[in-house]
Amino acid sequence: LLLHGFGVGTFHYDAQLRELADDDTCVWALDYCGQGSSWPTASSADDDAVAGFQYGADTWRDQIEHFVETIVGAPDALYVAGNSLGGYLALYLAATRPDLVRGLFLLNATPFWGFNPNDPNDGSLLGKLAPWRGALPTPRWIKAPLRAYWDSFRSVENVRGLLGLVYGKAGRERLDDELVANIVAPTDNPHALDAFCSVVWSPKSALGFDEMLAAVDEETKRGRMCVAMLYGRDDPWVVPLWGQRLKRAVRAADYYELSETGHCPAHESPGTVNDITRRYLRWHSGEGDKPVVSADGFGSLIDGRARNPFEKLDEWRFARADA
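Residues numbered from 1 in each chain as written. Predicted model: local features only at pLDDT ≥ 70, side-chain atom pairs only at ≥ 80, totals over all residues. Heavy atoms only, no water.

Two numbers describe how helix H10 (residues 240-249) lies on helix H13 (residues 309-322): the axes approach to 10 Å, and their chain directions differ by 25 degrees. Of the possible angle classes, the one that applies to H10 and H13 is roughly parallel. For the pair H10 and H13, the sense of crossing is right-handed. Along the contact surface, H10 presents Pro 240, Leu 241, Gln 244, Arg 245 and Arg 248, while H13 presents Phe 310, Glu 311, Asp 314, Glu 315 and Phe 318. Split into classes, the residues belonging to the contact of H10 with H13 amount to 4 nonpolar, 1 polar and 5 charged. (Axes fitted to C-alpha atoms, helices over the stretch in contact; angles between N-to-C directions. Helix = DSSP H or I, 4+ residues; strand = E, 2+ residues; numbered from the N terminus. Parallel < 35°, antiparallel > 145°, perpendicular 65-115°, else oblique. Left-handed = near helix turned anticlockwise from the far one by under 90°. Contact = heavy atoms within 4.5 Å. Nonpolar A, V, L, I, M, F, W, Y, C, P; charged D, E, K, R; others polar.)

On to the sheet that holds strand E3 (residues 79-83). With respect to topology, 7 strands assemble into an open sheet ordered E2-E1-E3-E4-E5-E6-E7, the strand pairing being mixed. With partners counted over all chains shown, the strands left at the sheet margins are strand E2 (29-30) and strand E7 (299-302), one partner each. One ladder, built from 4 bridges, connects strand E6 (residues 254-258) with E7; its direction is antiparallel. Directly across from Tyr 255, in E7, lies its bridge partner Ile 302. Each of strand E1 (2-3), E3 and strand E4 (103-107) is contacted by helix H3 (residues 85-96), which is oriented at about 145 degrees to E3, the strand it contacts most. (Pairing = 2+ DSSP bridges.)

Turning next to the pattern of salt bridges. Within this structure, the stated rule accounts for 23 salt bridges. Note that Arg 279 is salt-bridged to Asp 275, the shortest N-O span being 2.8 Å. In this pair, Arg 279 and Asp 275 are both assigned in helix H12 (residues 270-284), 4 residues apart and thus about one turn of the helix distant. Given a relative accessible area of 27%, Arg 279 falls into the partly exposed group. (Salt bridge = Lys/Arg side-chain N within 4 Å of Asp/Glu carboxyl O. Buried < 20%, exposed > 50% of the residue type's maximum accessible area, 1.4 Å probe, protein only.)

A contiguous patch of negative charge on the surface is contributed by Asp 22, Asp 23, Asp 24 and Glu 287. Relative to the assigned elements, Asp 22 resides in the loop between helix H1 (14-19) and E2. (Patch = residues over 30% accessible without salt bridge, like charges linked within 9 Å, V, L, I, M, F, W, Y side chains within 5 Å. Areas by Shrake-Rupley, 256 points an atom, 1.4 Å probe, with all protein chains shown as cover. Lys, Arg positive; Asp, Glu negative; His and termini not counted. Charge placed at Lys NZ, Arg CZ, Asp CG, Glu CD.)

So, about H10. The element H10 is extensively covered by neighbouring structure, given that 7 of its 10 residues are classed as buried. Of the positions making up H10, those classed as buried are Pro 240, Leu 241, Gly 243, Gln 244, Leu 246, Lys 247 and Arg 248. Buried-residue contacts for H10 involve H3, E4, helix H9 (209-221), strand E5 (226-232), E6 and H13.

Before going further, it helps to spend a moment on the pairing of E3. By the criterion of burial, E3 is predominantly enclosed, with 5 of the 5 residues buried. Burial along E3 is two-sided: the face carrying Tyr 79, Ala 81 and Asn 83 and the face carrying Val 80 and Gly 82 are both buried. Two elements, E1 and E3, share 2 bridges in a ladder whose sense is parallel. Bridge pairing in E3 places Leu 3 opposite Gly 82.

Relative to the helices and strands, Asp 194 resides in helix H8 (residues 192-201). In the structure, Asp 194 is positioned 47 residues away from Arg 147 in sequence and 9.8 Å away in space, judged by C-alpha atoms. Setting aside anything within four residues of it in sequence, one finds Asp 194 in contact with Ala 45, Leu 136, Thr 138 and Lys 143. Polar side-chain contacts of Asp 194 include one of 2.9 Å to the side chain of Thr 138. (Polar contact = N/O pair within 3.5 Å; in protein donor to acceptor, adjacent residues only side chain to side chain.)

This brings us to the packing of aromatic side chains. By the definition in use, this model includes 18 aromatic pairs. Relative to Phe 209, the ring of Tyr 88 has its centre 5.9 Å away and its plane inclined at 15 degrees; by these criteria the two rings are stacked. With a gap of 121 residues between them, Tyr 88 in helix H3 and Phe 209 in helix H9 connect regions that are remote in the sequence. The residues Tyr 88 and Phe 209 share a single accessibility class, namely buried. Measuring from centroid to centroid gives 5.7 Å for Phe 112 and Trp 242, while their planes differ by 80 degrees, and the two rings are edge-to-face. Of this pair, Phe 112 sits in the loop between E4 and helix H4 (125-129) while Trp 242 sits in helix H10; the two residues are 130 residues apart in sequence, bridging distant segments of the chain. Directly above the aromatic system of Tyr 92 lies the positively charged group of Arg 61, at a separation of 5.9 Å from the ring centroid. Positioned above the aromatic ring of Phe 318, the side-chain terminus of Arg 248 is 5.1 Å from the ring centre. (Phe/Tyr/Trp six-rings, centres within 6.5 Å; stacked < 30°, edge-to-face > 60°. Lys NZ or Arg CZ within 6 Å of the ring centre and 35° of its normal.)

A word on the nonpolar core. For soluble globular proteins, nonpolar side chains are generally found buried alongside one another. Counting residues in hydrophobic clusters, the biggest one holds 55 residues, and the most contacted among them are Leu 3, Ile 64, Leu 89, Leu 91, Leu 104, Leu 106 and Leu 246. Mapped by element, the contributors of at least two residues to this core are helix H2 (57-72), H3, E4, helix H5 (140-153), H8, H9 and E5. It is H3 that provides the largest number of residues to this core, a total of 9 residues. If we skip the residues at most four places from it in the chain, Leu 3 touches Tyr 13, Leu 30, Tyr 32, Ile 64, Val 80, Ala 81, Gly 82, Asn 83, Gly 86, Leu 89 and Ala 90. Formed by 19 residues, the second largest nonpolar core is a distinct cluster that contains Tyr 79, Ala 228, Ala 266 and Tyr 280. (Core = buried A, V, L, I, M, F, W, Y, C linked by side-chain atoms within 4.5 Å.)

In short, the description is geometric, and any link to function would need to be established separately.
Encoded structure:
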């Protein structure tokens with residue numbers, strides 16, 4: 001099951017949907033509510049039919065769980081792969097429903113989502129002052145000032161520029177007009193601005209990222225789940241330090257680093273990702289050896305140790321806290 005990052009959709013996994021499916025493997029993907037092609041059927045976000053709905057991490061986790069149970073229907077052999085926000089949601093599902101997940105493939109998983117506290121009564125200043133928690137309909141005083149910014153944010157030029165910042169050298173040729181058009185198209189939906197506002201203001205997930213990692217770590221220790229990390233080395237957002245932190249939290253995770261690859265490994269370096277994923281699945285099913293290097297040489301299994309001074313300081317702080 002392939003889970004996409006924020007602002008894209010299943011089209012970001014075109015190479016995986018096309019190349020990983022075979023006689024033994026069924027490959028699924030879905031668009032989260034409010035992204036890609038997944039939208040309410042109500043005529044507008046002010047319709048009573050969507051009143052109270054939130055576009056947030058808990059909603060998307062529930063949607064994925066429902067999709068697995070009602071559509072996929074194979075929890076005994078389900079591997080979940082997620083990029084960026086998709087990695088966050090894959091961990092969330094695995095931590096809360098380990099019975100559904102046999103293994104995880106995490107691709108530059110974002111380690112945080114949302115700023116509004118999940119519990120508005122947690123005593124925090126933000127919890128007391130937050131004027132809205134993302135439940136539709138969107139207050140006009142929030143929607144009106146964002147409308148002008150929205151058109152600039154979703155423009156072809158801005159989308160192309162943002163992609164150029166996070167794609168590595170290997171993926172530049174895949175940053176084409178079709179990709180940009182696929183990202184921009186959903187923003188024309190009449191619910192799009194309301195979804196964007198709701199995403200920004202919806203609360204954090206009920207389970208924190210570190211709690212998700214701890215739960216998944218327990219599953220790996222008991223031999224009930226495997227974790228493979230396929231991380232683009234040149235990601236300016238989820239830099240290698242975050243991958244190293246995840247590896248320290250889930251010690252049994254296998255960390256593959258992809259050179260010349262940025263934030264979106266599956267789309268930037270599909271050959272590398274597909275090769276490691278296919279061989280890793282076979283190994284975990286008892287066939288062949290665990291991959292160490294991808295066929296094209298761009299992906300390598302590493303120990304996840306710190307390399308630069310900032311990473312070494314972070315590693316030292318972790319060791320001190322863990323002592």
